[in-house]
Structure formats: structure tokens, C-alpha cells
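Residues per chain are reported as follows:
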Amino acid sequence: MAADALFRPFDFKGLKLPNRVVMAPMTRGQSPAGVATPEVARYYRRRAEGQVALILSEGTGPERPAARNDPDVPAFHGEESLAAWKTVIEEVHAAGGLMAPQLWHVGGIRTRREDWAPQGPYDSPSGISRPGHKFGDGMSDADIADAIDAFARAARDAKQLGFDAVELHGAHGYLIDQFFWEGTNVRDDLFGGPELPQRARFAAEILKATRAAVGPEFPVIIRVSQWKQQDFTVKLADTPQAMEAWLGPLVEAGADAIHCSQRRFWEPEFEGSDLNFAGWAKKLTGAVTITVGSVGLTGEFIASYGGEKSKPASLDELLRRLERGDFDLVAVGRALLQDPEWLIKIRDGRDDELMDFDRSAMATLN
Ligand SMILES: Cc1cc2nc3c(=O)[nH]c(=O)nc-3n(C[C@H](O)[C@H](O)[C@H](O)COP(=O)(O)O)c2cc1C
């Protein structure tokens, strides 16, 4: 199947995207003391040169003492870190690309480093990292207010630095997702409760504050997932009605696009339909949606951490869904991490030059 559908331009809230491919956010851990290096800037620039329509940065921490759980993950506050991000966006713009930072707070997912600790206690809704694992106290009202403000300040800084959009990381069992999930949020105040829309309030408040900080025109994306790194089988929303009650308020609060993280994009979300997560999110909210998960590769990304290799895979099923209008944009992770020219090769039909994905690519900034 020709990949024409991938190369149709798309107007995303005034951003003229020349095609439908977004670079998925991927932590690289190569920004010592939270400051992106010139190599990091050039790494993103190569994806812009590779014709990627919109680049989402690796997760980058807003200004809370334990937003990051690794010192080599970039921060998104402070003079030095922000100056480095300015270099990144200038490089990407010089190559004709567009880019959004992904604002990421790890919440109760604590560091694996033995030689380093964050500057303050870990934030989390209830001091629970996964069901049955209590490690401390939940956030106070003041912590929550400050975290909301920290996201909004980072979004305002992103706009001021010249970024084209911003993405909030609300997926994969990190802070915002820890609020969504009843397994990690047992609060009985305004930010918790038995119903998903109650637990979505933290995300909605961040979105409102972010929207107020960046104004009505600046594109705001939120990434969400049903699955958690703590438990792949979790489904926050087990019916379309529950999904609408979860995501609708996020769109009302200011999200322009929902980035629907799946490990395999072709997996149907609910019985009785082949629509995937991004398909349902678009149908239920009318927002722009982004799909993701093993595009162009045979294996999924968690297994690749363990060393599983992936081969190039057909795009036919993805194109069928894109043609049908299920979602608007397609995020590609490892295929673009491995090969900055992946999209050019797809466009030009150079299929024999597509590369396998090998874990060794994660260690470099090629
Ligand atoms: C090395 C690596 C780092 C990642 N870091 C992040 C991250 O910082 N934020 C995030 O939302 N997802 C992260 N992900 C998940 C990707 O954004 C993407 O959802 C996942 O890799 C599936 O896409 P793929 O199959 O095309 O690789 C990461 C994935 C990889 C492989």
C-alpha cells in the first residue's frame, strides 16, 4: 500500500504539519545535571532534517524537587537548562522542523540510581507507587498547587523559548497518571474519589493552568495511556462511556490533542469494534488524536528494553486506519530513534534500507 496518507498535510491549530508523523517522546538520559548538550540538539535537528512533522522531546522535568528521578534527564526550569532547550529549538527550526517539549513529572516512580537522590521528597497522590506499595505520604494541598503551577510555568517558558506546542505526560503510571489510577490514588479530597472524573481533576487543573499560561492559540497536547508500567493490564476506562467521562473534561480544560499511548497501535480498545485507543478518543471527544505503538516494527518497546530485536514491519494496517480517519497523527518512537532518515525512506519507497531496531541504539544519540 502506498504511504500517501502519511504524507497529507495537517493543520494542527495553526501549525502547518507537512505530514502526519510525530516523533514520540523518548528519554535519552544524556543531559548531565539536567542540561541538554549540543549533541542532544543535533540529535533532534537530524529528525527535523528527516522530515518529521512534529518532534516531541524526551520527558523533561518542571520545577518540583523530585520531578525527575535521574540527573541525566533534562530539566525544564532554571537558566542553564532553559538556555540549552533554546539551542535545541533553534536547531530544529533551522532545519524547518516543529517541536514541543514533553513535560514529565515521575511522581512516585523513584530513582534507580544509588549515587544520586532528588532534592526533595517524591510527589504522589497517596504515597503509593503501585497497589500495595506504600512508601510515604501523599501530596499536601500546597504541594498539589505548586505542582500545577510548575507545569504551567514550564509551558509558559516553552512558548517563550519559541517551541511550537507543549505536551503534558499524563501516561505510563507517572504523576498525572498516578492521580488517574485508583491503584495509586486513594485520596478522599477534591483530587481523588471512586469515579475517574474525580481522579482526573489534577490533570484538568494542570490543563487549565497551562492554557491560562500560554493563551488560547498555543497547541497543548496531553499524553494518556490505559496501561501502566506498574501493570500492563490496567484499563482506566473499560467502556466508551467511561472513556468519554475521563477524556471529555481534559479537552474542556484546554487540551487540543490527545496522544493515546498503546504499546501496539492495532489492538482494539473495546469489544465489538476494531477502533484503537486513538480511534475511540477522537470519536468520543472530537479532539485531534495521535496514535502510537510499534509503528513500522515487529516488536513492542518494553520488550526492546530487555533486548528483543525488532524487524521492519508493514505499514498497511496503520494506513488503513489513518485513511479511515480514525486518528490524525502517528507517533513513531524506536524506528526514528534508530534511524533519523526513516520517514524519508518510507516516502521514497526505500524499504530495503529500513533498519532493524536494536537496543544498542538507546545508548547513543545518532
Ligand atoms: C528509549 C525510550 C524512551 C522513552 N521515553 C519516553 C518518555 O520520556 N515519555 C513518554 O511518554 N514515552 C516514552 N517512551 C515511549 C515512547 O514514546 C513510545 O510510546 C513507545 O516507544 C512506543 O512507540 P514505538 O513502538 O514506535 O517505539 C520511551 C520509549 C523508548 C524506547
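Note that the coordinates shown come from a computational prediction; the quantities given were computed from them, not determined experimentally.

Q: Teacher, can you tell me more about the site of the ligand here?
A: Taken together, 18 residues sit near the ligand, with Pro 25, Thr 27, Arg 223, Ser 294 and Arg 334 positioned nearest. A distance of 3.0 Å separates an oxygen atom of the ligand from a polar atom in the side chain of His 169. Between the ligand and the protein, one listed contact pairs an oxygen atom with a side-chain N or O atom of Arg 223 at 2.7 Å. Considered on its own, the ligand offers 610 Å² of accessible surface; in the complex 96% of this is hidden by protein.

Q: Is there a simple way to think about the sheet that holds strand β5 (residues 99-103) in this case?
A: Hydrogen bonds between backbone groups are what pair the strands of a sheet, and the pairing can be parallel or antiparallel. As summarised here, the arrangement of the eight strands in space is β3-β4-β5-β8-β9-β10-β11-β12, forming a closed barrel in which the pairing is parallel. Averaged over all pairs of adjacent strands, the angle between their axes in this sheet comes to 25 degrees, without regard to strand direction. Sheet analysis places strand β10 (residues 257-261) next to strand β11 (residues 288-292), joined by five bridges and oriented parallel. Note on β11: the bridge partner recorded for Ala 257 is Val 288. Sheet strands touched by helix α1 (residues 38-49): β3 (21-23), β4 (54-60) and β5. Its angle to β4, the strand with the most contacts, is close to 150 degrees. Of the strands in this sheet, β5 and β8 (166-172) are in contact with helix α3 (residues 141-161), which crosses β5 at around 165 degrees.

Q: I'm lost on the packing of helix α7 (residues 240-252) against helix α8 (residues 277-285) in this one. Help?
A: How two helices sit against one another is set out by the angle between their axes and by the gap between those axes. Remark: α7 packs on α8, axes separated minimally by 9 Å, with the N-to-C direction vectors making an angle of 70 degrees. Taken together, the axis directions place α7 and α8 in an arrangement best described as roughly perpendicular. Considering only the axes of α7 and α8, their crossing is right-handed. The segment α7 lies against α8, with Pro 240, Met 243, Glu 244, Trp 246, Leu 247, Gly 248 and Val 251 engaging Phe 277, Trp 280, Ala 281, Leu 284 and Thr 285. Within the contact of α7 with α8, the residues separate by chemical class into nine nonpolar, two polar and one charged.

Q: When you look at the nonpolar core in this model, what are you seeing that I'm missing?
A: The nonpolar side chains of a soluble globular protein tend to be buried, and buried together. Grouped together as the largest cluster of nonpolar side chains are 93 residues, with contacts concentrated most on Tyr 44, Phe 180, Phe 202, Trp 246, Leu 250 and Trp 342. Leu 250 has contacts with Phe 180, Ala 200, Ala 203, Ala 204, Leu 207, Ile 222, Val 224 and Ala 255, leaving out every residue within four places of it along the chain. Formed by 19 residues, the second largest nonpolar core is a distinct cluster that contains Phe 10, Leu 56, Ala 257 and Val 288.

Q: Where do I start with α7 in this structure?
A: Counting along an α-helix, one turn takes 3.6 residues, and residues three or four places apart therefore face a common direction. Under the 1.5 Å per step criterion, the end-to-end length of α7 is 18 Å for 13 residues, consistent within 8% with the ideal 18 Å. Restricting attention to buried positions, one finds in α7 the residues Pro 240, Met 243, Trp 246, Leu 247, Gly 248 and Leu 250. Packed against the buried residues of α7 are α4 (175-180), α5 (196-199), α6 (201-214), β9 (220-228), β10 and α8. Trailing α7 by a residue or two, Gly 254 shows a phi angle of about 135 degrees, which is positive.

Q: Please explain the side chain of Ser 81 as it appears in this structure.
A: Tracing the chain through its elements places Ser 81 in helix α2 (residues 79-94). Within the local environment of Ser 81, its side chain forms a polar contact with the backbone oxygen of Gly 34, the two atoms lying 2.8 Å apart. Those residues in contact with Ser 81 that lie beyond four places of it in its chain are Gly 34, Val 35 and Ala 75.

Q: I tried to follow the pattern of salt bridges on my own but got confused; where do I start?
A: Note on pairing: side chains with opposite charge can pair once their charged atoms come close. In the structure shown here, the tally under the stated rule is 36 salt bridges. The salt bridge partner of Asp 358 is Lys 309, with a shortest N-O separation of 3.2 Å. Placement of the pair is Asp 358 in the segment after α12 (342-347) and Lys 309 in the loop between α9 (301-305) and α10 (316-324), with a sequence separation of 49 residues. One continuous salt-bridge network, built from bridges that share partners, spans Asp 274, Glu 317, Arg 320, Arg 321, Arg 324 and Asp 326.

Q: What is the right way to look at the pairing of β11 in this model?
A: With five of five residues buried, β11 lies mostly within the body of the structure. Taking every second residue as pointing to the same face, both faces of β11 are buried, with Val 288, Ile 290 and Val 292 on one and Thr 289 and Thr 291 on the other. For β11 and strand β12 (residues 329-332), the ladder comprises three bridges, and the chain directions are parallel. The residue bridging Val 292 from the neighbouring strand is Ala 331, located in β12.

Q: I tried to follow the packing of aromatic side chains on my own but got confused; where do I start?
A: The geometry of an aromatic ring pair is captured by the separation of the ring centres together with the interplanar angle, meaning the angle of the planes. Counting across every chain of the model gives 14 aromatic pairs. With 5.7 Å between their ring centres and 70 degrees between their planes, Trp 227 and Phe 232 make a pair best called edge-to-face. Residue class for Phe 232 comes out partly exposed when judged on its relative accessible area of 36%. Three or more aromatic residues joined by ring pairs make a cluster, and in this case those are Trp 227, Phe 232, Phe 301 and Tyr 305. Taking NZ or CZ as reference, Arg 201 lies 5.5 Å from the ring centre of Phe 191, over its face. Of note, Arg 263 hangs over the ring of Phe 232, and the distance from its end group to the ring centre comes to 3.9 Å.

Q: Would you mind showing me how to read unusual backbone geometry here?
A: Across the chain, the bulk of peptide bonds are trans and the bulk of non-glycine residues have phi less than zero. Even without a glycine there, the phi angle at Ala 33 is positive, about 55 degrees. Within the secondary structure, Ala 33 sits in the loop between β3 and α1. Backbone geometry at Ser 294 places phi at a positive 65 degrees, although glycine is not the residue there. One can find Ser 294 in the loop between β11 and α9.

Quick notes on the rules
Residues numbered from 1 in each chain as written. Predicted model: local features only at pLDDT ≥ 70, side-chain atom pairs only at ≥ 80, totals over all residues. Heavy atoms only, no water. Near = heavy atom within 4 Å. Polar contact = N/O pair within 3.5 Å; in protein donor to acceptor, adjacent residues only side chain to side chain. Areas by Shrake-Rupley, 256 points an atom, 1.4 Å probe, with all protein chains shown as cover. Pairing = 2+ DSSP bridges. Helix = DSSP H or I, 4+ residues; strand = E, 2+ residues; numbered from the N terminus. Axes fitted to C-alpha atoms, helices over the stretch in contact; angles between N-to-C directions. Contact = heavy atoms within 4.5 Å. Parallel < 35°, antiparallel > 145°, perpendicular 65-115°, else oblique. Left-handed = near helix turned anticlockwise from the far one by under 90°. Nonpolar A, V, L, I, M, F, W, Y, C, P; charged D, E, K, R; others polar. Core = buried A, V, L, I, M, F, W, Y, C linked by side-chain atoms within 4.5 Å. Buried < 20%, exposed > 50% of the residue type's maximum accessible area, 1.4 Å probe, protein only. Expected span 1.5 Å × (residues − 1). Salt bridge = Lys/Arg side-chain N within 4 Å of Asp/Glu carboxyl O. Phe/Tyr/Trp six-rings, centres within 6.5 Å; stacked < 30°, edge-to-face > 60°. Lys NZ or Arg CZ within 6 Å of the ring centre and 35° of its normal.

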